[in-house]
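Notes for the structure review
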Amino acid sequence: MQKLKKKELSLIEQEQKLLELESLYHQQPNSELVPTKLYHFIKEDKPELITEALNAIKQEGLKVAKPRNTTNFIDQKIQRPVGIYFWGQPILEEVYITVKVNCLDLTKLYAFPHLIADTILKINEEYIVNQEFWAKLKEIAYTIPFTEYQGQFRAEFIYTADISAKLLTINQPT
């Protein structure tokens, strides 16, 4: 398969993209987007690595760890704390972990616009942009405390402390 050549994103297109992303924080709140449960997914290619991860989680709970791979790249471009990443709704994964929001210390839970993370990956893959674009993006892309999140955007959630195994439910096929 031939790799596509990256196209330069013009300064006007860069500004439009920044305005679009910044506007996410000012959308009309949608209470349906505020979750009562959070979903964490185990991303491993090999079944034995998933089993190993689940066994560790059953013993130790979820631990804050340095981001890796895609998450690490995104975190270099924006302002978000190191933590455990969650979704507010299930996705098509066979194995996932849930935790009830009301069991967590809400001062350690943050929301971040998922569209910004997706946009960073898309821009990096398809376009050439200058460093000034990334610097401006870092200024406007930030997490908000969960206590202030009202469903303004589809979010990914970050919890900045370890979570005891007692609070977790592991869902996996039998």
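For the structure, see preceding data.
Since the structure is predicted, the reported quantities are computational estimates derived from the model, not experimental observations.

What counts and how
- Residues numbered from 1 in each chain as written.
- Predicted model: local features only at pLDDT ≥ 70, side-chain atom pairs only at ≥ 80, totals over all residues.
- Heavy atoms only, no water.
- Helix = DSSP H or I, 4+ residues; strand = E, 2+ residues; numbered from the N terminus.
- Buried < 20%, exposed > 50% of the residue type's maximum accessible area, 1.4 Å probe, protein only.
- Contact = heavy atoms within 4.5 Å.
- Areas by Shrake-Rupley, 256 points an atom, 1.4 Å probe, with all protein chains shown as cover.
- Lys, Arg positive; Asp, Glu negative; His and termini not counted.
- Charge placed at Lys NZ, Arg CZ, Asp CG, Glu CD.
- Expected span 1.5 Å × (residues − 1).
- Arc of directions from axis to C-beta.

Another point: the overall build of the protein. Within the protein, the secondary structure is distributed over five helices and nine strands. Reading the protein from its N terminus to its C terminus gives the helix and strand order β-α-β-α-α-β-β-β-α-β-α-β-β-β. For the protein, the spread of C-alpha atoms along the three principal axes comes to 50 × 40 × 25 Å. Within the protein, buried positions represent 37% of all 174 residues. Relative to all contacts within the protein whose residues are 6 or more apart in sequence, the contacts with residues 24 or more apart total 89%. Carbon and sulfur atoms make up 50% of the accessible area of the protein, which totals about 11,100 Å². Counting 21 positive and 23 negative side-chain charges, the protein places the averaged centre of each group 3 Å from the other.

Between its first and last C-alpha atoms helix H1 (residues 11–23) spans 18 Å; for 13 residues at 1.5 Å apiece the expected length is 18 Å, and the two agree. Inspection of H1 places Gln14, Leu18 and Leu21 among the buried residues, and these make up the whole buried set. Along the axis of H1, the buried positions cluster into a sector of 65 degrees, meaning they face one direction only. What points out from H1, more than 90 degrees from its buried face, is the exposed set Ile12 and Leu19. Those residues of H1 hidden inside the fold are in contact with helix H4 (114–126) and helix H5 (131–140).

Take His40: it is sitting in strand S2 (residues 37–41). Judged by its relative accessible area of 15%, His40 is buried. Residues contacting His40, with those up to four places away along its chain left out, are Leu62, Ile84, Tyr85, Phe86, Tyr96 and Ile97.

Any functional reading would require information that these geometric values do not contain.
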